[in-house]
Amino acid sequence: AGRAEAYGSFDLILAAGLFDYLDDAAAAQVLRAVVPVLRNGGRMLFTNACPGAEDEAYLDAFMDWRMFRRDEAGVRRLLQAVPRASRTGIIADASGALIHALAEAPGH
């Protein structure tokens, strides 16, 4: 059995805050690895911090908290890396601080 089979399959995989710390190549690699272990109709939901959020300068300057912030176009580029997705979508947070992204496996 391959590595994916060793972990099983899932209806939902949630990654809140992970992608903020991954560059585009690493984030795409995670998506390519995770989405294939979704069951038919399963969903992967992840969030990413947006550029220009109110706290961005403070977090960077005073807390040394540097993130890979992405706008909607940047998150859409990441979603292009998702294999076999039947549906993808993006929802911007009302506060403008986060973007929520969804990839759904076929077979709903």
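Before reading further, recall that the structure is shown in the block above.
Described below are features of the structure shown in this document. (Residues numbered from 1 in each chain as written. Predicted model: local features only at pLDDT ≥ 70, side-chain atom pairs only at ≥ 80, totals over all residues. Heavy atoms only, no water.)

## Digging into the side chain of E104
The following threshold applies: Secondary structure is summarised from DSSP: a helix means a run of H or I of at least four residues, a strand means a run of E of at least two, and numbering begins at the N terminus for each. For this analysis, a polar contact is any N or O atom pair within 3.5 Å, provided that within protein one partner can donate a hydrogen and the other can accept it, and provided that sequence-adjacent residues contribute only side-chain to side-chain pairs. The contact definition used throughout considers only heavy atoms, calling two residues in contact when any of these lie within 4.5 Å.
Structurally, the position occupied by E104 is in strand β4 (residues 98–104). Polar contacts involving the side chain of E104 include one to the side chain of R43, which spans 2.9 Å. Here the side chain of E104 touches R87 through a polar contact of 2.7 Å, side chain to side chain. Not counting residues within four places of it along the chain, the set of residues in contact with E104 comprises G41, G42, R43, R84, A85, S86 and R87.

## Some points on the nonpolar core
So the rule is basically this: Within this scheme, the nonpolar core is defined by two criteria: the residues are buried Ala, Val, Leu, Ile, Met, Phe, Trp, Tyr or Cys, and they are joined through side-chain atoms within 4.5 Å. A simple rule labels every residue: compare its accessible area, found with a 1.4 Å probe on the protein chains alone, to the largest value its type can have, and call it buried under 20%, exposed over 50%, or partly exposed in between.
F19, L31, M44, F46, V75 and L79 are the most contacted members of the largest nonpolar core, which totals 22 residues. Listing elements by their share of this core, those giving two or more residues are β1 (10–15), α2 (24–34), β2 (38–49), α4 (72–79) and β4.

## Quick notes on the sheet that holds strand β3 (residues 87–92)
So the rule is basically this: Two strands are counted as paired when DSSP detects at least two bridges linking them. The axes used here are C-alpha line fits, helices contributing only the stretch in contact, and every angle between their N-to-C directions lies in the interval 0 to 180 degrees.
Here we have four strands laid out as an open sheet, ordered β1-β2-β4-β3, and mixed in their pairing. The outermost strands of the open sheet, each flanked by one partner alone, are β1 and β3. The mean inter-strand angle of the sheet, taken between neighbouring strand axes irrespective of direction, is 10 degrees. In this sheet, β4 lies alongside β3 in antiparallel orientation, the contact comprising six bridges. Paired with A92 across the strands is I99, a residue of β4. Of the strands in this sheet, β2, β3 and β4 touch α4, which is tilted by about 160 degrees from β3.

## So, α2
Test applied: An arc is given here, and it is the one of the directions from the helix axis to the C-beta atoms.
Within α2, burial applies to A27, A28, L31 and V34. All buried residues of α2 project into a common sector of 135 degrees when viewed along the axis, lining one side. Turned more than 90 degrees away from the buried face of α2 sit A25, Q29 and A33, all of them exposed. Where α2 is buried, its residues touch β1, β2 and α4. Two or three places before A25, at the start of α2, stands the capping residue D23, its side-chain oxygen 3.3 Å from that residue's backbone nitrogen.

## Observations regarding the environment of I90
With respect to the secondary-structure elements, I90 resides in strand β3. On a C-alpha basis, the gap between I90 and V75 in space is 7.9 Å, while along the polypeptide they are 15 residues apart. Dropping the residues within four chain positions of it, I90 is found in contact with E72, V75, R76, L79, I99, H100 and A101.

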